[in-house]
Amino acid sequence: MIRNAARLENLIYGIRVFVRECWHPLEDEVDRTSTIPQDVVERLRREGYFGWSIPEAYGGLGLTAEELVLCAMELSQASVALRARVGTNTGIGSEALVADGTEAQKARWLPRMASGELTACLALTEPDAGSEASNIQTTARRDGDDYVLNGVKRFITNAPLADVFTVIARTEEGSRGSAGLTAFLVERGTPGLRTGEPYRKMGQAGSPVSDVILEDCRVPATHIISEREGVGFHTVMKVLNKQRLHLAALCTGPAIRMLDLALSHTRARSQFGQPVANFQLVQAMIADCQTEIFAARSMILEAARARDRGEDVALAASMCKYFASEMCGRVADRCVQMFGGSGYVADFSSIERYYRDVRLFRLYEGTSQIHQLNIAKLTLRDLQQARP
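Here's a quick rundown of the structure. (Residues numbered from 1 in each chain as written. Predicted model: local features only at pLDDT ≥ 70, side-chain atom pairs only at ≥ 80, totals over all residues. Heavy atoms only, no water.)

**Structural notes on the overall build of the protein chain**
Rules: Think of it this way: any DSSP run of H or I at least four residues long counts as a helix, any run of E at least two long counts as a strand, and we number them from the N terminus. Just to be clear, the radius of gyration here is over C-alpha atoms, and the globule rule we use is 2.2 Å times residues to the power 0.38. Any residue under 20% of the maximum accessible area for its type is buried, any over 50% is exposed, and the rest in between are partly exposed; the area is computed with a 1.4 Å probe on protein chains only. The contact definition used throughout considers only heavy atoms, calling two residues in contact when any of these lie within 4.5 Å. Exposure was quantified through the Shrake-Rupley algorithm and a 1.4 Å probe, taking into account, for residues, occlusion by the shown protein chains and nothing else. Counted charges follow a simple rule, with Lys and Arg positive, Asp and Glu negative, and His plus the chain ends left uncounted. Throughout, a charge is located at the NZ atom of Lys, the CZ atom of Arg, the CG atom of Asp or the CD atom of Glu.
For the protein chain, the helix and strand inventory stands at 12 helices and 9 strands. Here the protein chain has a C-alpha radius of gyration of 21 Å; the compact-globule value for 388 residues is 21 Å, and the two agree. Residues counted as buried form 55% of the 388 residues belonging to the protein chain. Within the protein chain, residue pairs in contact and separated by at least 24 positions form 74% of the contacts whose partners lie at least 6 positions apart. Entry remark: accessible area of the protein chain is about 17400 Å², with carbon and sulfur atoms responsible for 51%. The centroid of the 45 positive side-chain charges in the protein chain is displaced by 3 Å from the centroid of its 47 negative side-chain charges.

**So, unusual backbone geometry**
Positioned with a positive phi, Asn158 is a non-glycine residue whose angle comes to about 70°. Residue placement: Asn158 occurs in the loop between β3 (146-157) and β4 (164-170). With a phi angle near 55°, Glu365 is a residue other than glycine that sits in the positive phi range. Here Glu365 is to be found in the loop between α11 (351-357) and α12 (368-386).

**Some thoughts on the pairing of strand β1 (residues 120-123)**
For the record, the criterion: Here, a strand pair is defined by DSSP locating no fewer than two bridges between the strands.
Here β1 shows a buried face lined by Ala120 and Leu122 and a second buried face lined by Cys121 and Ala123. Judged from the 4 bridges that link them, β1 and β4 form a sheet pairing that is parallel. From the neighbouring strand, Cys121 faces β4, where its bridge partner is Phe165.

**Here's the deal with the packing of helix α4 (residues 65-75) against helix α8 (residues 232-268)**
For clarity, the threshold we go by: Note on geometry: axes are lines fitted to C-alpha atoms, helical ones only across the stretch in contact, with angles between N-to-C directions running from 0 to 180 degrees. With respect to orientation, any angle under 35 degrees is reported as roughly parallel, any angle over 145 as roughly antiparallel, any angle of 65 to 115 as roughly perpendicular, and every other angle as oblique. In this scheme, a crossing is called left-handed if the near helix is turned counterclockwise away from the far one by less than a right angle; it is called right-handed if the turn is clockwise.
Axis separation between α4 and α8 bottoms out at 7 Å; the angle between their running directions is 30°. In terms of axis orientation, α4 runs roughly parallel to α8. Seen from above, α4 lies across α8 with right-handed handedness. In this structure, α4 uses Leu68, Val69, Ala72 and Met73 to contact α8, whose residues at the interface are Lys242, Leu245, His246, Ala249, Leu250, Thr252 and Gly253.

**Notes on the nonpolar core**
Operational definition: Residue types Ala, Val, Leu, Ile, Met, Phe, Trp, Tyr and Cys, when buried and joined through side-chain atoms within 4.5 Å, form a set referred to as a nonpolar core.
In this structure, Met258, Ile300 and Met338 are the most contacted members of the largest nonpolar core, which totals 71 residues. Sorting the residues of this core by element identifies α1 (5-23), α3 (38-46), α4, α5 (80-87), α8, α9 (280-308), α10 (314-339) and α11 as the ones contributing at least two each. The residues touching Met338, leaving out its near neighbours within four places in the chain, are Leu259, Ala262, His265, Thr266, Val282, Met285, Ile286 and Cys289. Membership of the second largest hydrophobic core comes to 27 residues, among which are Val98, Leu118, Leu122 and Leu185.

**Some words on the packing of α10 against α12**
What counts is decided by this rule: In this classification, the charged set is Asp, Glu, Lys and Arg, the nonpolar set is Ala, Val, Leu, Ile, Met, Phe, Trp, Tyr, Cys and Pro, and all remaining amino acids, among them Gly, are polar.
Interaxial distance between α10 and α12 falls to 9 Å at its minimum, and their mutual angle equals 150°. The angle between α10 and α12 falls in the class roughly antiparallel. Seen along the crossing, α10 lies across α12 with a hand that is left-handed. Along its contact with α10, which presents Ala314, Leu315, Ser318, Met319, Lys321, Tyr322, Ser325 and Glu326, the element α12 presents Ser368, His371, Gln372, Asn374, Ile375, Leu378, Thr379 and Asp382. Across the contact of α10 with α12, the residue classes tally to 6 nonpolar, 7 polar and 3 charged.

**Topic: the side chain of Ser175**
Along the polypeptide, Ser175 turns up in the loop between β4 and β5 (181-187). Discounting residues that sit within four places of it in the chain, Ser175 has contacts with Arg170 and Gly180.

**Observations concerning the environment of Val236**
Relative to the assigned elements, Val236 resides in helix α8. By relative accessible area, which is 3% here, Val236 ends up buried. Taking the C-alpha atoms as reference points, Val236 and Ile375, 139 residues apart in sequence, are found 18 Å from one another. Not counting chain neighbours up to four residues away, the residues in contact with Val236 comprise Leu124 and Ile168.

**Overview of the pattern of salt bridges**
Put simply, the rule is: Salt bridges are defined as contacts in which a side-chain nitrogen from Lys or Arg sits within 4 Å of a carboxyl oxygen from Asp or Glu.
Tallied over the full model, the rule gives 26 salt bridges. Notably, a salt bridge pairs Glu27 with Arg353, separated by 2.9 Å at the nearest N-O pair. Here Glu27 is found in helix α2 (residues 27-33), whereas its partner Arg353 is found in helix α11, with 326 residues between them in sequence. Note on accessibility: Glu27 and Arg353 belong to one class, buried. Taking the shortest distance from any N to any O, the salt bridge between Glu326 and Arg362 comes out at 3.6 Å. Of this pair, Glu326 sits in helix α10 while Arg362 sits in the loop between α11 and α12, and the two are 36 residues apart along the sequence. Among the residues examined, Arg362 registers a relative accessible area of 24% and is labelled partly exposed.

In structure tokens, the structure reads:
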């Protein structure tokens, strides 16, 4: 749902200008230093990038799902560090609060997340609870008006710089699976919470990821999202259903950017007396990239509109994330091929960096294989429910 076409057009135009004029010239520096310049972060704060999906009542833009994915496709036509810096606030870091937070909780944290004063993140994954998120071992034991949390979270995007963590822990002793899980808001500086050193990664330099360690971390009961025990898994699923659409859009932007780079290269480089783009086998790769980008974009927009209509998009969101992340990997591979040797050498092109950056898309927020299982399960469920 697009609420005001002219306003959205202006927003997207501003994003496009920012990405091309400010961010693209910085990409090599960010990749080399793994740091985003502070003046760029301040600009992102001033221009409202951290609050895209946070309701207007709390200082955000309150973008609908359709508006959010359109903006995300523009923002992500850049190295992944850009969208990662603001992405947790516009997605998994704030969405649990937006979906299930009490009014007092929303008023306390959302305005500061929307302004970028606070960086938020979701601490869900653990060493033995990745694809099987319901296997969470982190515990939260009631002690008077507080809970005492113990456990380790792993692969947490923005953990090294986050100010607020949505931590999923098991509050019901002896519970299994999705039962007995509770979502807590834990602020940096809380005794017993610390983050590990940022990992050395294959790609996505400038997007810090680390462990989150909880050792007798005491959290007030008022920091339980919704102030209800045992519903944390349901909250997480609300977050992930929306975030999978968001992430699918964030997979599509890099594919658009990589194809643009490949088109410029193949049109400028000549072999056998003509531009490489004139060769039919190169044109076949161009056609495959363009077709798959169009398919992903169409899927994502349709699913986003369905979510805005209030429909259940669990199946559609899973299909979008699965297809868009796999599509992005295929586009990356073809674009390196179109660059030839230059595509493999970091000194000669940025396509090598994009190739490494986008590989992670097929792993986080549900591996492709988990989404295949989920898509089949939901399809069979819907078939069963449709029978008289």
